Amino acid sequence: MSRVLNCIVAVCPDGGIGYKGDLPWHPTRLNNEFKHFRRLTVTRTPGAEDKQNVVIMGRKTWNSIPEKNRPLNDRINIVLSRQLEAPPSGAHHLARDLPSALRLLDGPEGLLADQVWLIGGSSMYSEVVRHADPKAVPE
Ligand SMILES: NC(=O)c1ccc[n+]([C@@H]2O[C@H](COP(=O)([O-])OP(=O)(O)OC[C@H]3O[C@@H](n4cnc5c(N)ncnc54)[C@H](OP(=O)(O)O)[C@@H]3O)[C@@H](O)[C@H]2O)c1
């Protein structure tokens, strides 16, 4: 099954997205952005309220989320890593690369999944842009 992949990223004017393993902005400045991020990534397609959206992220992005906020609630959390052998504590799934994560959604897990959000970090964004097909038309 083909799925639309949604990407979300907050970017500094100079293109930076992270600093020392964290976001490059003070957290109190980000209240509205965090709310916006949550609203977008949690909201399901009308009629799919019995499902959950999926967030896919790199291992360092997972680590950058405060432990008390992991997993991102009301969402299926998939972490990408070539090194880890099991999902980090709290994550729902581990995948070795993005195609494997998407294949996971072709199995039974996919029946529970609505929208897919790629939430960083930089290597995943680069991979998606590299493979993006400008001629593709949504089904
Ligand atoms: N501004 C924003 O919107 C935003 C969003 C997300 C993150 N961030 C920030 O970005 C920084 C983290 O991003 P990052 O780019 O350094 O790291 P990252 O992409 O989150 O994590 C890198 C690690 O994830 C795994 N990984 C990533 N892409 C993979 C792929 N396609 N296939 C397999 N494994 C993959 C690898 O783990 P292994 O080494 O275990 O193999 C890799 O070393 C933090 O500072 C975070 O706060 C900002």
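One can find the structure itself at the top, above this paragraph.
To keep things clear, this report deals only with the structure shown in the data block. (Residues numbered from 1 in each chain as written. Predicted model: local features only at pLDDT ≥ 70, side-chain atom pairs only at ≥ 80, totals over all residues. Heavy atoms only, no water.)

**Re the site of the ligand**
Heads up, the rule is: Residues are counted as near a molecule or strand when any one of their heavy atoms sits within 4 Å of it. Within 3.5 Å is the distance limit for a polar contact, defined as a pair of N or O atoms, with the added protein rule that one can donate a hydrogen and the other accept it, and that residues adjacent in sequence qualify only through two side-chain atoms. Note on areas: Shrake-Rupley, 1.4 Å probe, and residue coverage restricted to the protein chains presented here. Lining residues are those with an atom within 4 Å of a point, where the points come from a 1 Å grid over the protein atoms alone and group into cavities, where a 1.4 Å probe fits but cannot get out, or pockets, open sets with protein on both sides within 12 Å along at least five of seven lines. Should more than half of a molecule's atoms lie within 2 Å of a pocket's or cavity's grid points, that molecule is taken to sit in it. Numbering of helices and strands runs from the N terminus; a helix is a DSSP stretch of H or I covering at least four residues, while a strand is a stretch of E covering at least two. Residue classes follow a fixed rule: Ala, Val, Leu, Ile, Met, Phe, Trp, Tyr, Cys and Pro count as nonpolar, while Asp, Glu, Lys and Arg count as charged, and any other residue, Gly among them, counts as polar.
Of all residues adjacent to the ligand, which total 27 residues, the nearest are R59, T61, S81, S122 and E127. Interatomic distance of 2.8 Å between a backbone N/O atom of A10 and a nitrogen atom of the ligand. Contact distances for the ligand include 3.5 Å between an oxygen atom and a backbone N or O atom of L80. In the complex, the protein chains occlude 88% of the 910 Å² of accessible area that the ligand would expose alone. When each cavity is represented as a set of grid points, the ligand is found to reside in the largest pocket. At the level of secondary structure, the elements contributing two or more residues to the shell around the ligand comprise α2 (59-64) and α5 (122-131). Here the residues of the shell around the ligand sort into nine nonpolar, 11 polar and seven charged.

**Some points on unusual backbone geometry**
In this structure, P71 follows R70 across a cis peptide bond, with omega equal to -10°. Residue G120 is joined to G121 through a cis peptide bond whose omega torsion reads 5°. Looking at where G121 falls in the secondary structure, it is placed in the loop between β5 (113-118) and α5.

**Quick notes on α5**
As a reminder, the rule being used: Partly exposed residues are those whose accessible area sits between 20% and 50% of the maximum for their type, while under 20% is buried and over 50% is exposed, using a 1.4 Å probe and protein chains only. Note: the arc covers the axis-to-C-beta directions of the helix. Any two residues whose heavy atoms approach within 4.5 Å are treated as being in contact.
Among the residues making up α5, those that are buried are M124, Y125, E127 and V128. The buried side chains of α5 occupy one side of the element, clustering within an arc of 160° when seen end-on. Looking at α5, the residues exposed on the side facing more than 90 degrees away from the buried face are S123, V129 and R130. Elements that come into contact with the buried residues of α5 comprise β1 (5-7), β2 (52-58), β3 (75-80), α3 (98-104) and β5.

**Structural notes on the sheet that holds β1**
We apply this condition: Strands are treated as partners if at least two bridges between them are detected by DSSP. Here the axes come from fitting lines to C-alpha atoms, over the contacting stretch only for helices, and the angles between their N-to-C directions go from 0 to 180 degrees.
Taken in spatial order, the five strands of this open sheet run β1-β5-β2-β3-β4, and their pairing is parallel. The sheet terminates laterally at β1 and β4 (93-95), the two strands that pair on one side only. Neighbour to neighbour, the strand axes of the sheet diverge by 30° on average, direction disregarded. Pairing of β3 with β4 involves three bridges; the strand directions are parallel. Paired with L80 across the bridge in β4 is A95.

**Observations concerning the nonpolar core**
Here is the rule we go by: The nonpolar core is taken to be a set of buried Ala, Val, Leu, Ile, Met, Phe, Trp, Tyr and Cys residues, with the residues joined through side-chain atoms within 4.5 Å.
Judged by nonpolar contacts, the single largest core of 14 residues is most densely connected at V54, I56, I78, L80 and L118. Elements supplying a minimum of two residues to this core: β2, β3, α3, β5 and α5. Apart from residues lying up to four places away in sequence, L80 is in contact with I56, M57, G58, R59, A95, D97, L98, A101 and M124. Core analysis: the second largest hydrophobic core is formed by 10 residues, I8, M57, W62 and V79 among them.

**Here's the deal with the environment of L104**
With respect to the secondary-structure elements, L104 resides in helix α3. Judged by relative accessible area, L104 falls into the partly exposed class, the value being 29%. Once the C-alpha coordinates of L104 and A132 are considered, the two residues, 28 residues apart in sequence, prove to be 20 Å apart. When residues no more than four places from it in sequence are discounted, the contact partners of L104 are I78, H93, E109 and G110.

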